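Descriptive analysis of the structure
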Amino acid sequence: MLTGTAARRRVRVAGVVQGVGYRPFVYKLAVDLGVTGWVLNDPQGVLIEVQGPDHALDAFTDGLTALAPPQARVERVAVTRDVVPVPDEDAFAIRASGLGGDRSAIVPADSYVCADCLAELRDPADRRHGYPFINCTNCGPRYSIVRALPYDRAQTTMAAFTMCDPCRAEYEDPLDRRYHAQPNACADCGPRLTATAADGSAVDGPAALDAAAAALARGEVVAIKSVGGFHLAVDARNGAAVARLRSRKRRDAKPFAIMVRDLATAAEVTAPTPGEVQLIDSPARPVVLARKRPGALPGTIAPRNPNLGVMLPSAPHHHLLVDRPGLDVLVMTSGNISGFPIEYRNADALARLFAVADLVLHHDRDIEVRVDDSVVRWSSHPELDEPVVSFLRRSRGYAPYPVDTGVPLTPVVAYGAELKTTVALSHGTRVYLSQHIGDLKNDETFESHRRTARHLADLHELAPRVAATDLHPQFRATRFAVGEQPVDEVHRVQHHHAHMASCMAENRVAGPAIGVVFDGAGYGPDETTWGGEFLVGGYADAVRVARLRRLPLLGGDQAVREPIRTGYALALDVFGEPGAAVAAFPALAELDEQRRHVFATMARRGVNAPPASSMGRLFDAVAALLGVCSLAEYEAQGPIELEGLLDRDHTLAAPDPRYRFDRTPVDDLVELDPAPVVRALADDLAAGVGTPELSRRFHSAVVRVVAEECALIAAAPRAPRDVVLSGGVFLNEFLLLNCLVEVRRAGLAAHCQRQVPTNDGGIALGQVLVAHARSTQ
Amino acid sequence: MTLATSAEVVLDHGTGAKLSQELIGEIVDLLGEAYLGEMEDSATLPLPGGRIAMTTDSFVVDPPFFGNGDIGKIAVCGTVNDLAVVGARPLYLTLGMIIEAGLPMERLRQVVTSVRDTALEAGVHVVCGDTKVVGRGEADKIFLNTAGVGVFEREPLRMRHVRPGDRVVLSGPIGNHTVHLLSIREGLGFETRVLSDCAPLNGMVDELLAAVPAGAVRSMRDVTRGGLAAVLHEYAAAVGRPVRFDQAALPVQFETRMATDMLGIDPIHTANEGCLALFVDPAAEADVLAALRAHRYGGHAVTIGEVGTDEGAGVFSRAEDGTAARVDELLGAELPRLC
Ligand SMILES: [Fe+3]
Ligand SMILES: [Mg+2]
Ligand SMILES: [Zn+2]
Ligand SMILES: [Zn+2]
């Protein structure tokens, strides 16, 4: 094969190229093209030297991106030409992993069961027929089982299993689909399922699956150990089983997600758009919000919601369950005790989940890192060229993939906020964002927050000397970061500035920009609660130029759990006294005399009633005043149900001068007062206008005030033209899409969050950027 | 102008001249047999041998006059209770008063009368005192300071006597004092249904310690500012063990719970003036509860939790379904953090 005219090139491939079958792909490509050389994994990714005629080398380097295996994400292919040829080289080889040096290889995320594996799983003639842990280089668990890099079996929780001869032969054959598939296993050598009943009795192997299926068929609750943790499952077609799960989980209202057998089943119980189908079918296997088909399933799965969260199986044993007759749709909700993170260790699950489950289906392949289901939504609007994919939760299948900001960053570790926390670490131009961790008020969650920060840093061999955290003095992550971490600098980043910076970063807006940040609550530098803010600035600093009028949060956090408190506070603010407030909004009659008196006094005298300029609370208030939701069982239930009334129809209400916000200069900023909107709602309610239409008018008023305010801000000399929309309130699809449309119509560039959640799950990214900017100032 | 003829306290009542002499004279008269001093520059007092306990506290109560008590009663109870909980028998009190000019004389009389009545109930004597009058706005009506001396007739109770496994007992309901005062201050309407628990507890402590073997009660603390949460955190840190309590076991009066729910505050963070947290040898738990319940101030005594036998500090509240949540120490006033 050696020719006198052979050239040699060195190629570095960066991105998600380890643990995804990339080296065997390179090997085959080389063999097909008849070139020689070698390929190896090192801490930066994949390194190749290749030798042969120039035209073959060109085809080879083109193929590295164009023909890459499905799980790979090739970010960069850097070619060094004119490397000194190696005489007498006569083959292409896969070399042992190189160690040391800069660690920028990306840990692959967990993924689905690929079509090849699924076919084998279902093939009675295959040696892995019905084996629940089948996988290959193109599929299977990754991030959830990795203990350290480089990604090798010995560094995963599969280290406990020794491959049998046939498995080892596959593993060592570069032309096999299982070449260096680290979780490779079969029934003879790999993990096994076990089903344990509440009385402690257990069955193993195929009998475990039978037991789980039988329990599901009887309408029982089964805890299932999935890829990143436990689920709680019931037969979704069985209303009594759904009711049982609801009563045991003490959840009356929070929507459950479902797992369906296949896309056909998904289309039977929901009406997914082509975009939604594409997301449902993606290897990340997220939960995708798709419009329900009324009557297809019990309404109690997702009450008062036009959508249903639907996903396809993400593990072989899921397929083996939903393939069974009658079990084609399962409710799959997080396997936790309320307030706690999802269980992911067998011992904990067996100790705790019998409070909810009749049977626990688990296995002996440990989960190293807890990874919740990701939840995404695909949205489109006729006036937007591009669809908007929003992460409601970014976790399994996506973590720990980085966001590439395109800007070289100081190494920073960011600890996020308090609820829905994620951790972020910067390296080069990338920011690695952890999986969803959760509410740090829970000790176990806080522990996993610390562990995740350490794990992410270890995986990438990072030891950042700069930390970023929220400004809120009582957040646990703040106290931890300030008190315990061995860093040189800690940057306290105001919550809404972090939201804004997060959106700027993923859209590569250099700044300055106008930030429209709407969420539930964040700590402001003036020690009041913020949440309906218009900011102007860049990464290092931003100033607030406008805010929503403040309402008292009656009873502090209690107001969040009882939207009627904020509804009442809003009505009192507009109508002055209790009698007039109740007359305007009959839903307030739910408050007895005593409550009306005490709440009014709290509002007037400021008794445990901290003022908040929060848009989330305004949505709460309107939901309560319109009688949609007075007590919230889950976070943002009021706003979600208020939006649910729109039935995903994104048409703005006709312009109506009554539905406006008053603009009042207060100190050095503008206060936006919804009083006219509230009065119009009361009038229209009295005139018999239906609640869905009132919701639409309210939503539309908010959209219009956003667009108008942005236009006014942008009209100032040298004002920015980029508008970033961020904060949890922008999970509201109507608001998000229409704000994008209307702000663009006003001649400005509008951006929103697409790579990370717009809620506090995306905060850590913004914290990194702010800390970087301040640290390098 | 004498105390009897002046309708309100004036600055001259604090100048040290004739008017102040008259004021002090009337205060002493009002205190009656609760007063033991001789108007010298210092009081000369007999003390039994051995160790004494001494404490001091300043009292700023808003409002100083409330439904079933006033700042005078609180000033005696606070100091008496601080002495009692370390196992001492309170004997003597000092009484310092900072009075805002303009305080109606009738109000001052009420405070002094409360001091007298409470001191008599507690069996302590006021032995010396001081009054200062400050201009309007320089104080809020009236501030008091009391210092107290007690003697030990048994071994002092100490925090370091607490052992893993000890039971945590509350002598009475929590939250009432805070709700009562807040209700009066802000006009919330609970003030007649929820009364302050303010009471001198040395009598109850004395009967309790007489009824159970030495060492059965390891340590106790009056649950005042900072509430139960602060007390439990202090013990958890001192003992180096977690302290756990059951949400459902907490003694909270129905109307108090209603009020704290509406106000969005947790009773474990509320101040009390007549409630003890006791750390008790599990073997003596029943006897301790019986002794407490036999007393008029301990009728609702109840075990709420225990000191863990496992390592680590921290305070945990258990829900009825068995799940535990860490109770954070408040750094200051609670801020909203739900997002
Ligand atoms: Fe937020
Ligand atoms: Mg004290
Ligand atoms: Zn596969
Ligand atoms: Zn095998």
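Note that this is a predicted model, so its numbers are computed, not measured.

Take helix H4 (residues 176-186) of chain B next. H4 of chain B sits mainly inside the fold: nine of its eleven residues count as buried. Trailing H4 of chain B by a residue or two, Gly187 of chain B shows a phi angle of about 75°, which is positive.

A few words on the pairing of strand E9 (residues 243-246) of chain B. Residue and element names in this part refer to chain B. The two faces of E9 differ: Val243 and Phe245 on one face are buried, but Arg244 and Asp246 on the other face are not. Across three bridges, E9 lies against strand E11 (residues 302-307) in antiparallel orientation. Bridge assignment links Phe245 to a residue of E11, and that residue is Gly305.

This brings us to the packing of helix H5 (residues 202-211) of chain B against helix H8 (residues 285-293) of chain B. All names here are of chain B. Between H5 and H8, the least distance of the axes is 9 Å, while the angle of their chain directions is 145°. The hand of the H5/H8 crossing is right-handed. Residues Met204, Leu208 and Ala211 of H5 lie in contact with H8, whose contacting residues are Val288, Ala291 and Leu292. Residue classes in the contact of H5 with H8 are distributed as six nonpolar, no polar and no charged.

On to the interface of chain A and chain B, then. Size of an interface: often given as the accessible area lost when the parts come together. Taken together, the contact pairs 41 residues of chain A with 30 residues of chain B. For the pairing of chain A and chain B, the buried interface totals around 3,000 Å² over both sides, and the portion due to carbon and sulfur atoms is 54%. Together, Gln474, Asp557 and Gln594 of chain A form the three largest contributors to the area buried by chain A at its contact with chain B, with a combined 20%. For the pair chain A and chain B, the number of links is two salt bridges. In this structure, the connection of chain A to chain B is made through eight residue pairs in polar contact (both at pLDDT 80 or more). Among the secondary structure elements, those contributing two or more residues to the side of chain A that touches chain B are helix H12 (476-483), strand E23 (513-523), helix H14 (558-561) and helix H17 (593-605) of chain A. Here the element with the most residues in the side of chain A that touches chain B is H17 of chain A; it accounts for eight residues. Here the residues of the side of chain A that touches chain B are counted per class, giving 14 nonpolar, eleven polar and 16 charged.

Residues and elements named next belong to chain A. Between its first and last C-alpha atoms helix H5 (residues 206-217) spans 17 Å; for twelve residues at 1.5 Å apiece the expected length is 16 Å, and the two agree. By the burial criterion, the buried members of H5 are Ala208, Leu209, Ala212, Ala213, Ala215 and Leu216. In a view along the axis of H5, the buried residues occupy a sector of 160°, so they form one face of it. Along H5, the residues that are exposed and aim more than 90 degrees away from the buried face are Pro206 and Ala217. The first or second residue beyond H5 is Gly219, which carries a positive phi of 90°.

One finds Phe518 and Leu588 of chain A to be the most contacted residues of the largest nonpolar core, which totals 87 residues. Counting residues in each nonpolar core, the second largest holds 41 residues, with Leu118, Ala195, Leu361 and Val375 of chain A among its members.

What follows deals with the packing of aromatic side chains. Aromatic ring pairs: the centre-centre distance and the angle between the two ring planes describe each pair. Residues and elements named next belong to chain A. All told, the structure shown has ten aromatic pairs over all chains when counted by the stated rule. Consider the rings of Tyr27 and Phe92, whose centres lie 6.5 Å apart with planes at 65°: the pair is edge-to-face. Taken as a pair, Tyr27 in helix H1 (residues 22-33) and Phe92 in strand E5 (residues 92-94) lie far apart in primary sequence, 65 residues in all. Considering the side-chain rings of Phe60 and Phe92, the 6.4 Å spacing of their centres and the 50° angle between planes classify their relative orientation as tilted. Taken as a pair, Phe60 in helix H2 (residues 54-66) and Phe92 in strand E5 lie far apart in primary sequence, 32 residues in all. The class for Phe92 is buried, based on a relative accessible area of 8%. Members of the aromatic cluster, connected to one another through ring pairs, are Tyr27, Phe60 and Phe92.

Residue and element names in this part refer to chain A. Contact geometry for helix H20 (residues 675-686) and helix H21 (residues 691-714): axes closest at 11 Å, N-to-C directions at 165°. What the angle tells us is that H20 and H21 run roughly antiparallel. With respect to the hand of their crossing, H20 and H21 are arranged in right-handed fashion. Listed contacts from H21 to Val677, Leu681, Asp684 and Leu685 of H20 are Leu694, Arg697, Phe698 and Ala701. Among the residues forming the contact of H20 with H21, the class breakdown is six nonpolar, no polar and two charged.

Residues and elements named next belong to chain B. Those protein atoms acting as donors to the magnesium ion (ligand 2) are Asp57 (OD) and Asp82 (OD), and they sit at 2.2 to 2.3 Å. Note that Asp57 is positioned in strand E1 (residues 52-59) and Asp82 in helix H2 (residues 71-84), a separation of 25 residues in sequence. Assessed through its relative accessible area of 22%, Asp82 is described here as partly exposed.

Our focus in this paragraph is a nonpolar patch on the surface. Judged by side-chain polarity, Leu47, Ile52 and Met54 of chain B come together as a nonpolar surface patch covering roughly 310 Å² of accessible area. Taking relative accessible area as the criterion, Met54 of chain B reaches 63% and is therefore assigned exposed.

This brings us to the domain arrangement of chain B. All names here are of chain B. As assigned here, chain B comprises domain 1 (11-152) and domain 2 (159-326). For domain 1 versus domain 2, the separation of C-alpha centres amounts to 27 Å. In this assembly, 20 residues from domain 1 lie in contact with 21 residues from domain 2. When the buried area of domain 1 at its contact with domain 2 is split by residue, Asn68, Asn81 and Val85 rank highest and sum to 30% of it. Note that Glu121 and Arg296 form a salt bridge whose closest N and O atoms lie 3.3 Å from each other.

Residues and elements named next belong to chain A. Taken as a whole and judged by the stated rule, the model has 81 salt bridges over all chains. Residues Arg8 and Glu89 are paired through a salt bridge, measuring 2.8 Å at the closest nitrogen-oxygen approach. Of this pair, Arg8 sits in strand E1 (residues 7-16) while Glu89 sits in the loop between strand E4 (73-83) and E5, and the two are 81 residues apart along the sequence. Take Arg8: its relative accessible area is 2%, and that puts it in the buried class. In this structure, Arg658 and Asp684 form a salt bridge, with 2.9 Å as the shortest nitrogen-oxygen distance.

Of the protein atoms, only Cys164 of chain A (SG), Cys167 of chain A (SG), Cys186 of chain A (SG) and Cys189 of chain A (SG) coordinate the zinc ion (ligand 4), at distances of 2.2 to 2.3 Å. Each donor residue of the zinc ion (ligand 4) belongs to the same chain, and together they define the spacing C-x2-C-x18-C-x2-C.

Let us now look at the domain arrangement of chain A. Segmentation of chain A into domains returns domain 1 (7-94), domain 2 (193-363), domain 3 (392-511 + 758-775) and domain 4 (547-751). Measuring from the centre of the C-alpha atoms in domain 1 of chain A to the corresponding centre in domain 2 of chain A gives 42 Å.

Residue and element names in this part refer to chain A. Read across the open sheet, the six strands follow the order E17-E20-E19-E18-E21-E22; overall the sheet is mixed. Sheet topology places strand E17 (402-404) and strand E22 (489-493) at the edges, where each strand pairs with a single neighbour. Strand-to-strand, the axes of this sheet are offset by a mean angle of 20°, without reference to chain direction. Pairing of strand E18 (residues 412-414) with strand E19 (residues 424-427), which is carried by two bridges, proceeds in the antiparallel orientation. If you follow Ala414 over to E19, its bridge partner there is Ala424.

As recorded in UniProt, the sites labelled "domain: PurM-like N-terminal" (unreviewed entry) are residues 40-151 of chain B. As a span, residues 40-151 of chain B carries 29% helix and 40% strand, and end to end its C-alpha atoms are 23 Å apart.

Here we come to unusual backbone geometry. Comment: phi is negative for the bulk of residues other than glycine, and the bulk of peptide bonds are trans. All names here are of chain A. In this structure, the amide linkage connecting Ala399 to the following residue, Pro400, adopts the cis form with an omega of 5°. With respect to the helices and strands, Pro400 occurs in the loop between strand E16 (388-393) and E17. Gly511 connects to Pro512 through a cis peptide bond whose omega is 0°. Along the chain, the position of Pro512 falls in the loop between helix H13 (495-506) and E23.

Cut-offs used in this document
- Residues numbered from 1 in each chain as written.
- Chains lettered and ligands numbered in written order.
- Predicted model: local features only at pLDDT ≥ 70, side-chain atom pairs only at ≥ 80, totals over all residues.
- Heavy atoms only, no water.
- Buried < 20%, exposed > 50% of the residue type's maximum accessible area, 1.4 Å probe, protein only.
- Helix = DSSP H or I, 4+ residues; strand = E, 2+ residues; numbered from the N terminus.
- Pairing = 2+ DSSP bridges.
- Axes fitted to C-alpha atoms, helices over the stretch in contact; angles between N-to-C directions.
- Left-handed = near helix turned anticlockwise from the far one by under 90°.
- Contact = heavy atoms within 4.5 Å.
- Nonpolar A, V, L, I, M, F, W, Y, C, P; charged D, E, K, R; others polar.
- Buried area = accessible area lost by both parts, 1.4 Å probe.
- Salt bridge = Lys/Arg side-chain N within 4 Å of Asp/Glu carboxyl O.
- Polar contact = N/O pair within 3.5 Å; in protein donor to acceptor, adjacent residues only side chain to side chain.
- Expected span 1.5 Å × (residues − 1).
- Arc of directions from axis to C-beta.
- Core = buried A, V, L, I, M, F, W, Y, C linked by side-chain atoms within 4.5 Å.
- Phe/Tyr/Trp six-rings, centres within 6.5 Å; stacked < 30°, edge-to-face > 60°.
- Parallel < 35°, antiparallel > 145°, perpendicular 65-115°, else oblique.
- Donors = N, O, S within 2.8 Å, 3.2 Å for Na, K, Ca; no water.
- Patch = residues over 30% accessible without salt bridge, like charges linked within 9 Å, V, L, I, M, F, W, Y side chains within 5 Å.
- Areas by Shrake-Rupley, 256 points an atom, 1.4 Å probe, with all protein chains shown as cover.
- Domains from an automatic or database assignment.
- UniProt positions renumbered as here; feature names shortened; annotations may be inferred.

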